[in-house]
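Read off the chains here:
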4 protein chains.
Amino acid sequence: MAVLTFDTYGKTRVRLLQVRRDGARHGVTEMTVQVLFEGDLAESYTAGDNRKILPTDTMKNTVYALARRKPIASAEGFACDLGRHFLSRLAHVHQVKVEISETPWNRIADHGSAFTHGGHERRTAACVFTRSAHTVVSGLRDLQILKTADSGFSGYLKDEYTTLPETTDRLLGTILDADWTCSSPVQDFNGLHAAIRSKLLDVFAAHHSLSVQHTLFAMARSVIDRFAEVDQIHLVMPNTHCLLIDLSKFGLDNPNQIFMPVDEPSGLIEAKVSRD
Amino acid sequence: MAVLTFDTYGKTRVRLLQVRRDGARHGVTEMTVQVLFEGDLAESYTAGDNRKILPTDTMKNTVYALARRKPIASAEGFACDLGRHFLSRLAHVHQVKVEISETPWNRIADHGSAFTHGGHERRTAACVFTRSAHTVVSGLRDLQILKTADSGFSGYLKDEYTTLPETTDRLLGTILDADWTCSSPVQDFNGLHAAIRSKLLDVFAAHHSLSVQHTLFAMARSVIDRFAEVDQIHLVMPNTHCLLIDLSKFGLDNPNQIFMPVDEPSGLIEAKVSRD
Amino acid sequence: MAVLTFDTYGKTRVRLLQVRRDGARHGVTEMTVQVLFEGDLAESYTAGDNRKILPTDTMKNTVYALARRKPIASAEGFACDLGRHFLSRLAHVHQVKVEISETPWNRIADHGSAFTHGGHERRTAACVFTRSAHTVVSGLRDLQILKTADSGFSGYLKDEYTTLPETTDRLLGTILDADWTCSSPVQDFNGLHAAIRSKLLDVFAAHHSLSVQHTLFAMARSVIDRFAEVDQIHLVMPNTHCLLIDLSKFGLDNPNQIFMPVDEPSGLIEAKVSRD
Amino acid sequence: MAVLTFDTYGKTRVRLLQVRRDGARHGVTEMTVQVLFEGDLAESYTAGDNRKILPTDTMKNTVYALARRKPIASAEGFACDLGRHFLSRLAHVHQVKVEISETPWNRIADHGSAFTHGGHERRTAACVFTRSAHTVVSGLRDLQILKTADSGFSGYLKDEYTTLPETTDRLLGTILDADWTCSSPVQDFNGLHAAIRSKLLDVFAAHHSLSVQHTLFAMARSVIDRFAEVDQIHLVMPNTHCLLIDLSKFGLDNPNQIFMPVDEPSGLIEAKVSRD
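What counts, and where the lines are drawn
Residues numbered from 1 in each chain as written. Chains lettered and ligands numbered in written order. Predicted model: local features only at pLDDT ≥ 70, side-chain atom pairs only at ≥ 80, totals over all residues. Heavy atoms only, no water. Helix = DSSP H or I, 4+ residues; strand = E, 2+ residues; numbered from the N terminus. Buried < 20%, exposed > 50% of the residue type's maximum accessible area, 1.4 Å probe, protein only. Contact = heavy atoms within 4.5 Å. Areas by Shrake-Rupley, 256 points an atom, 1.4 Å probe, with all protein chains shown as cover. Lys, Arg positive; Asp, Glu negative; His and termini not counted. Charge placed at Lys NZ, Arg CZ, Asp CG, Glu CD. Buried area = accessible area lost by both parts, 1.4 Å probe. Salt bridge = Lys/Arg side-chain N within 4 Å of Asp/Glu carboxyl O. Polar contact = N/O pair within 3.5 Å; in protein donor to acceptor, adjacent residues only side chain to side chain. pLDDT = per-residue confidence, 0-100. Least-squares fit on C-alpha atoms with pLDDT ≥ 70 in both. Expected span 1.5 Å × (residues − 1). Pairing = 2+ DSSP bridges.

Here the focus is the overall build of chain A. Per the secondary structure count, chain A includes 5 helices and 12 strands. Taken over the C-alpha atoms alone, chain A extends approximately 75 × 65 × 40 Å along its principal axes. When each of the 276 residues of chain A is scored for burial, the buried share is 61%. For chain A, the proportion of contacts with a sequence separation of at least 24, taken over those separated by at least 6, is 64%. A total accessible area of about 10400 Å² is found for chain A, and carbon and sulfur atoms account for 49% of it. Each charge class in chain A can be summarised by its mean position, and for the 30 positive and 33 negative side chains these summaries are 9 Å apart.

Residue-level contacts link 7 residues of chain B with 7 residues of chain D. Between chain B and chain D, a total of about 650 Å² is buried, with carbon and sulfur atoms accounting for 67% of that surface. Taken as a group, Tyr161(B), Thr163(B) and Phe250(B) account for 53% of the area that chain B buries against chain D, more than any other trio of residues on that side. Applying the counting rule to chain B against chain D returns 0 salt bridges. At the junction of chain B and chain D, the tally comes to 0 residue pairs in polar contact (both at pLDDT 80 or more).

Here the focus is the confidence of the model for chain A. On average, residues of chain A score 97 in pLDDT, and 100% of them are at 70 or above. In the predicted complex, the global pTM is 0.97; the interface-specific ipTM is 0.96.

Superposing chain B onto chain D takes a rotation of 180° plus a shift of 0.0 Å along the axis, which leaves an RMSD of 0.0 Å. Taken together, the rotation and translation relating the two chain copies correspond to the operation of a two-fold axis. The share of interface residues of chain B whose copies in chain D are also at the interface is 100%, consistent with both copies meeting through the same surface.

Moving on, we come to the interface of chain B and chain A. Contacts between the two partners involve 77 residues from chain B, matched on the other side by 77 residues from chain A. Summed over both partners, the interface of chain B with chain A comes to about 6300 Å²; 55% of that surface belongs to carbon and sulfur atoms. Taken together, chain B and chain A are joined by 8 salt bridges. Here Arg89(B) and Glu160(A) are joined by a salt bridge, their closest N and O atoms 2.5 Å apart. Counting only elements with at least two residues in the side of chain B that touches chain A, the list comes to strand S1 (2-22), strand S2 (25-39), helix H1 (42-47), helix H2 (56-69), helix H3 (75-89), helix H5 (212-226) and strand S12 (266-275) of chain B. When residues in the side of chain B that touches chain A are grouped by element, the largest group, 14 residues, is from S1(B).

Attention shifts here to helix H3 (residues 75-89) of chain D. Residues and elements named next belong to chain D. In a regular helix each residue adds 1.5 Å, so 15 residues correspond to 21 Å; H3 covers 22 Å between its end C-alpha atoms and thus fits that length. Among the 15 residues of H3, 11 are classified as buried, and the element is accordingly described as predominantly covered. Inspection of H3 places Ala 75, Glu 76, Phe 78, Ala 79, Cys 80, Asp 81, Leu 82, Gly 83, His 85, Phe 86 and Leu 87 among the buried residues, and these make up the whole buried set.

Turning next to the side chain of His85(D). Relative to the helices and strands, His85(D) resides in helix H3. When near neighbours in sequence (up to four residues on either side) are disregarded, His85(D) contacts Tyr161(C), Thr62(D) and Leu66(D).

Attention now moves to the relation of the copies chain B and chain A. Placing chain B over chain A gives an RMSD of 0.0 Å and needs a rotation angle of 180°, together with 0.0 Å of translation along the axis. Of the interface residues in chain B, 100% have counterparts in chain A that sit at the interface too, so the contact is made through matching surfaces.

Inspection of the entire model under this criterion finds 68 salt bridges over all chains. Here Asp81(A) and Arg84(A) are joined by a salt bridge, their closest N and O atoms 3.3 Å apart. Of this pair, Asp81(A) and Arg84(A) both sit in helix H3 (residues 75-89), 3 residues apart, which is roughly one turn of the helix. We classify Arg84(A) as partly exposed; its relative accessible area is 43%. Across the salt bridge formed by Arg51(B) and Asp49(B), the nearest N and O atoms sit 2.7 Å from each other. The exposure class of Arg51(B) is exposed, given its relative accessible area of 61%.

As paired elements, strand S5 (residues 114-117) of chain A and strand S7 (residues 134-147) of chain D share 3 bridges and run antiparallel to each other. Within the sheet, the bridge partner assigned to Ala114(A) lies in S7(D) and is Lys147(D). Examined bridge by bridge, strand S6 (residues 122-130) of chain D and S7(D) share 8 bridges and lie antiparallel to one another. Bridge pairing in S7(D) places Ala126(D) opposite Val137(D). Linkage of S6(D) to S7(D), two consecutive antiparallel strands, is achieved through a turn of 3 residues. Of the strand pairs in this sheet, S7(D) and strand S8 (residues 172-182) of chain D are connected by 9 bridges, and their pairing is antiparallel. Looking across to S8(D), one finds that Lys147(D) is bridged to Leu172(D).

Moving on to unusual backbone geometry. With the exception of glycine, the majority of residues adopt a negative phi angle, and the majority of peptide bonds are in the trans configuration. All names here are of chain B. The omega torsion of the bond from Glu 264 to Pro 265 falls at -5°, within 30 degrees of zero and hence cis. Relative to the assigned elements, Pro 265 resides in the loop between strand S11 (258-261) and S12. In this structure, Asn 256 takes a positive phi of about 60° despite not being glycine. Take Asn 256: it is sitting in the loop between strand S10 (242-244) and S11. Note on Asn 256: relative accessible area 11%, which makes it buried.

Structural data, given as structure tokens:
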């Protein structure tokens, strides 16, 4: 017999842009929000009984209404407000998960009300509310970075399918995803995000890299060491390859100057580092 | 102190196209392969010691070499061959996960060696090999489907943010992702995949839908009921909305004829159904 | 002094899905429409005078209203209806260009009201209406095709940067764009589109190809030869490469069996063929 | 009879990353290059005679070799070097068109050899070389910008399909494409590009906008007025809509604070402005 063993539903890709109008100095916050419920919802699946189904369209409306009721101070704060709102009203819902992806906008020079889009990078926040607890994960996605010195890869395991030459000088590029959790309440999510992002970039830039794994750990460790409130950080770092072009057939050397970036294949390196 | 609490590495987006040349009647298999290792690898992260790191470039080469050694019979079979290969050779690796996404190609009429690309849909296979067990998950991604009759949504929970009108006749569109596992060895992964895909489409088309949840469960249950070897199926069905255009301002009715498809936002409905 | 030397404006990416409900047997047409005006519009640019600017939002509404007033029989027909509508009403508009891209949907088995998305390929129609004439261009986009036999490339020009080996047996893949115009009125745009598409595929499949240029011309010529109403056809055929993997380092041959498809770089071959 | 009336071929999406290593202070230039030939090439199409066809693979190799022979000083300069190279060697080629799209990279703080990707925006250069002349077009693509004040749209033409409310305060967003040509030789393409980009942003930010057309012309005119060497500029500005959310059903006002950004549909406004 077929039985329902897991279910969840909600709304995804709710796009919101909030303009804060403090006189002539405006601020812009753009987000994409996802809300997912778990709970006592099985009858909607097994019998088409919708009496416990709050429409996903209502979730969308709620995102907009709550943003109007209180200006968004941080992605994490707004995610928690949404989670709390739904869980407090719907007794049959056991868990609300809110995920937010924030699109960066940067002010044009010192203009009060004009902005340029900040590119691919996203700031993220995920809050999971249950009856007994709630967790907050902060992070970033798609921060593409490249270092042109202090990166090598050698001394590795070889078998009969290994053709990669060892090198002490290569390009190291990645598109960083990071997520971190804090053990104590955070007063300033925006400031903490900026500081952790800056620390990750600094260590990436300065590290004498023996592998992506090596640099990933150095980056993660630096966050644990520097930020007492962070108790775990999870980094995903694809190795987005830049292939050195062989110009010898044309009588030319190529001392790490001319590369072909390729999107695929790529390495994929991932780890979690925690406070002991 | 910072400690490594999880790590994995591997190669992603390895693209492979295999041509089978049985006389003038060719066959084409296109796949994208991902290989991930877990094991005794911490020294590479914490000390830059690469002695246990098989390069991800070698993983890529291995994909191509194994495909040459034995023609690919199925995505599942090839994923298992790759997993077995790596685990049997590398004592310090505890788990190998191979994920394959297969791109469809269709023969042009009855030509022996010409094909059209099959679109967005992908067939997937994921195999996880450990020292004690291995699991195989078969599936599909991005199968976009639409039904224009027999779909309603009414009788749902309402609050002060609910504005959605109830309806007994709407469009129901989704982009189906499905994954299933089998409890007994599968003799013909290709045949089973085709049969499950066909069953999912048939039930989607024929179901008198009271909600996406309702139809999702009917589809999943039909697979459990029909295929004795399947012990669990996981479906993800976004509700990709088509908005009915209000033409009343122009003196026109619109009895479910003219819609605006929108990519975002969308509902998101997900469930697992298992054999009891 | 700065003078306005060209201007146009309009609406792009208007998405429309029309359901035709002939009893239980439904039909689905999905399109994306773009409308562009040229005319006596300079004051809107130079002085912010909007009195001759029909809002692009009105263009969008018109697309939906006209689709309701008369079922869409063909992309070309609907494009012409839209062009005629605007030009006949707005004396200061000198040209209306309507471009339509149609998304394919295929019926699921013999179900009356359920469909699968047809993938990346699009059918296109572009109509340009002026006071003195109108032109119709029919076409298709993103028809990805591959042949695994009867394709070579040799005897080409070489210089000191040429490293490509000559071959009499390679894969030939492309993502076809085609546009054609007719010299006489077309009674059945849908039938003509299907027949030309089929002819292009047949010639691609059967041609003994000495280069992409060679096959492109054979395809184009076959349309001119077969369809008396077509007076010009324009084909764009990128050469989407599949790289033969060198397995010799692993003691393996590779007689055109194992390839790596790459998205970039690609060749780009383009030509127009006309009736003399 | 079918005759060839236009043809061109070349290589597209050649990706190049050049690292300049001036001691510990590195520089990075990433480009995607396209090269297209026109000339006496008809026999390759009509007869499969490849004797005048320089392989597109050779074009790719040439891009890499020329980048090694001389460091890239500007996109325009490199495009011209490539055009000159091919035209001077191949007597049967009548025109070489080189198009370059440059990907921005920004230095991380003051690190010498670490960079972040600059996002969606691209700098472009297109050079067309013929036996008698060559032209250079400089530009940018995908510069996404938004202004939250000083933008209205009213006083426009209305018909029975017009439902858009007039407004004196709306968001104005666009994704700017710009191309410009110069009448006199340019000494510093990089400096000119930066100065024009900055001027476009400044005018966008400061303009009291009565329509997208109005702001587009002000931006274009400012470039003609300020930069004596520019003789024409072409701007394309989609109107990427942010929809004001109606919160009145929830007892909330919405004084231009909460919006839903939508990718489609969008307005499309385009013009060329020239020096008289």
